[in-house]
Amino acid sequence: MAEDQFWVGVHGVIARGGKLLVLKRAPSMSYKPGTWDLPGGHLVIGELFEECLAREIEEETGLAIGNPRLLGIHNSIGPYLQAIFACAIAGLAEDIRLRPHERVEARWVAPSELAQLELIPYLEGIIRRGMLDFVRDT
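Residues numbered from 1 in each chain as written. Predicted model: local features only at pLDDT ≥ 70, side-chain atom pairs only at ≥ 80, totals over all residues. Heavy atoms only, no water.

## Quick notes on the pairing of strand S1 (residues 7-16)
Among the 10 residues that make up S1, seven are buried, leaving the element largely enclosed by the rest of the structure. In this sheet, strand S6 (residues 80-89) lies alongside S1 in parallel orientation, the contact comprising eight bridges. Pairing of His11 across the sheet is with Ile84, part of S6. Taken together, the three bridges between S1 and strand S4 (residues 40-42) define a ladder with antiparallel strand orientation. Note on S4: the bridge partner recorded for Val10 is Gly41. Alignment of S1 against strand S2 (residues 19-25), held across two bridges, turns out to be antiparallel. Bridge pairing links Arg16 to Lys19 in S2. (Buried < 20%, exposed > 50% of the residue type's maximum accessible area, 1.4 Å probe, protein only. Helix = DSSP H or I, 4+ residues; strand = E, 2+ residues; numbered from the N terminus. Pairing = 2+ DSSP bridges.)

Now the structure itself:
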């Protein structure tokens, strides 16, 4: 079996009051534009997972996070691997500032509402695997 390049995504499950933060991908995104995704992005060489998580969430939302806890690793079809972390917001959740070339909308949704959204494929996979079960609808 030949070794190929692959991408490591690091994503955060930010939950409060039985809801989690999801972001809609901008129409200009090359992969799955218009789908809903967790905040996060790709790991760069030499970066720790937690550093990537904090950097990507701050870049995409303007939010600072703390207390990341690894929920699991998800291996997607194709050259993608996602590390999924639960994390807390270090400030006010109302201070979300999106980068419009990456994300065009932010929503707090109950896990039961996710089925109504067009989700990026890995997010569907981690739901099936139970990685979001700790977030309870209230």
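## A short note on the side chain of Glu102
In this structure, Glu102 sits in the loop between S6 and strand S7 (103-109). A relative accessible area of 16% means that Glu102 is categorised as buried.

By themselves, these are just geometric observations and shouldn't be taken as functional.
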